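# Notes for the structure review
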Amino acid sequence: GRYGLYYKNLANGQYFGIGDRDPYIAASTTKLPMNLLLYRKVAAGEIDLQQKLTYLQEDFEAGTGIIQSSPFGTEYTVRETARLSIVYSDNCGINMIIRLLGIENIRKYMQELGGTIYYERSHRSCPYDLALYAEELYRFYQQAPDTIGVLMEDLQNTQWNDRISKLLPDDVKVPHKIGNYPGVCNDVGIVFASEPYVLAVMSDGVAQETALDVIAQLSRMIYDAVEQSTEQGMETRRQMN
């Protein structure tokens, strides 16, 4: 298979990428920037989390999620729809949010954040772009912890913890969003290590079980390197003092 990744340390700005600008099928990873835009509008007072969205036939999409089992016409609050779109990666839920926000507004938002791949019907993105969205999540969290903390909590409690977070210590928080598709296995998130960083890994032409292991091991290697570097830096400062 083919893999691409992008890493950025949010404490010191260091970064590196491998095939990070190459296009990959995004799958559900773009539910992250879509929810970011939603919560931006909540913070701006343009959308109320308690307002109702109606599940319509046009929202139906098979795959992950639980809304697909509801009858058309069922109402959900924006808050519950957003939660389901992250925690259960609900396809119908994200389609309801897309209908609320407007797909062109979502595409424009991704570009405004610095996205290099225009999100068209081919549903492509790249590790660099996904990492940008995760970095924006971190910035947003610093600015409005009460508002975005709701989304952060959802991202930390998804049904999938078999990639970036799998081999990390249990006390390390990892808000993240996975993406699955035949031959595709992705994950993007923030790792709250001693120095927080963002990591995005995308793949193509892979066997899922193999890719899950590859992403988990890559994540652990990067985590260990960050912790070792932080420890060495602290030791150097102690010696200088």
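To start, this report covers the structure provided alongside it. (Residues numbered from 1 in each chain as written. Predicted model: local features only at pLDDT ≥ 70, side-chain atom pairs only at ≥ 80, totals over all residues. Heavy atoms only, no water.)

## Some thoughts on the overall build of the protein chain
Secondary structure assignment for the protein chain yields 7 helices and 9 strands. Here the C-alpha radius of gyration of the protein chain, 18 Å, is about what a compact globule of 241 residues would show, namely 18 Å. Judged by the C-alpha coordinates and their principal axes, the protein chain covers about 65 × 40 × 30 Å. In the protein chain, which comprises 241 residues, the share counted as buried stands at 50%. Sequence separation of 24 or more characterises 62% of the internal contacts of the protein chain that already satisfy a separation of 6 or more. (Helix = DSSP H or I, 4+ residues; strand = E, 2+ residues; numbered from the N terminus. Rg over C-alpha atoms; globule rule 2.2 N^0.38 Å. Buried < 20%, exposed > 50% of the residue type's maximum accessible area, 1.4 Å probe, protein only. Contact = heavy atoms within 4.5 Å.)

## Observations regarding the sheet that holds strand β2 (residues 15-18)
What holds strands together in a sheet is hydrogen bonding between their backbones, with the strands either parallel or antiparallel. Judged by pairing direction, the sheet is antiparallel, and its 5 strands sit side by side in the order β2-β1-β9-β8-β7 without closing on themselves. Single-partner strands in this sheet number two, and they are β2 and β7 (176-181). The sheet shows a mean angle of 5° between the axes of neighbouring strands, taken without regard to direction. One ladder, built from 4 bridges, connects strand β1 (residues 2-9) with β2; its direction is antiparallel. Directly across from Lys8, in β2, lies its bridge partner Tyr15. Each of β1, β8 (184-191) and β9 (197-204) touches helix α5 (residues 127-143); the most contacted strand, β9, lies at about 150° to it. (Pairing = 2+ DSSP bridges. Axes fitted to C-alpha atoms, helices over the stretch in contact; angles between N-to-C directions.)

## Quick look at the nonpolar core
The biggest cluster of nonpolar side chains holds 52 residues, and the ones touching the most others in it are Leu32, Leu36, Leu38, Tyr39, Tyr133, Leu137 and Ile190. Looking at this core, the elements that each hand over two or more residues are α1 (31-43), α2 (78-87), α3 (91-101), α4 (103-112), α5, α6 (145-156), β8 and β9. Sort the elements by how many residues they give to this core and α5 lands first, with 9 residues. Not counting the four nearest positions on each side in its chain, Leu137 is found in contact with Leu32, Leu36, Ile148, Leu151, Met152, Leu155 and Ile190. (Core = buried A, V, L, I, M, F, W, Y, C linked by side-chain atoms within 4.5 Å.)

## Brief notes about unusual backbone geometry
In this structure, Ala27 takes a positive phi of about 50° despite not being glycine. With respect to the helices, strands and loops of the structure, Ala27 is situated in the loop between β3 (24-25) and α1. Looking at Ala27, the relative accessible area reads 21%, which means it is partly exposed. Phi at Ser89 is positive, roughly 50°, even though this residue is not glycine. As for its position among the elements, Ser89 is in the loop between α2 and α3.

## Focus on the state of the cysteines
Using the criterion set out here, one finds 0 disulfides in the structure. Counting only cysteine sulfurs, Cys185 is the nearest neighbor of Cys126, a cysteine outside any disulfide, at a range of 17 Å. A residue is classified by how much of its surface remains accessible, and Cys126, at 0% relative accessible area, is buried. (Disulfide = S-S within 2.5 Å.)

## As for the environment of Ile222
The topology assignment puts Ile222 in helix α7 (residues 208-240). Assessed through its relative accessible area of 10%, Ile222 is described here as buried. Distance in space between the C-alpha atoms of Ile222 and Leu199 is 9.1 Å, their sequence separation being 23 residues. Ignoring any residue separated from it by four or fewer positions in sequence, one finds Ile222 in contact with Tyr7, Phe16, Tyr197 and Leu199.

## Structural notes on the environment of Pro33
Its location among the elements puts Pro33 in helix α1. For Pro33, a relative accessible area of 1% corresponds to the buried category. Measuring from C-alpha to C-alpha, the distance between Pro33 and Leu137 comes to 8.4 Å, with 104 residues separating the pair along the chain.

The analysis is restricted to geometry; functional conclusions fall outside its scope.
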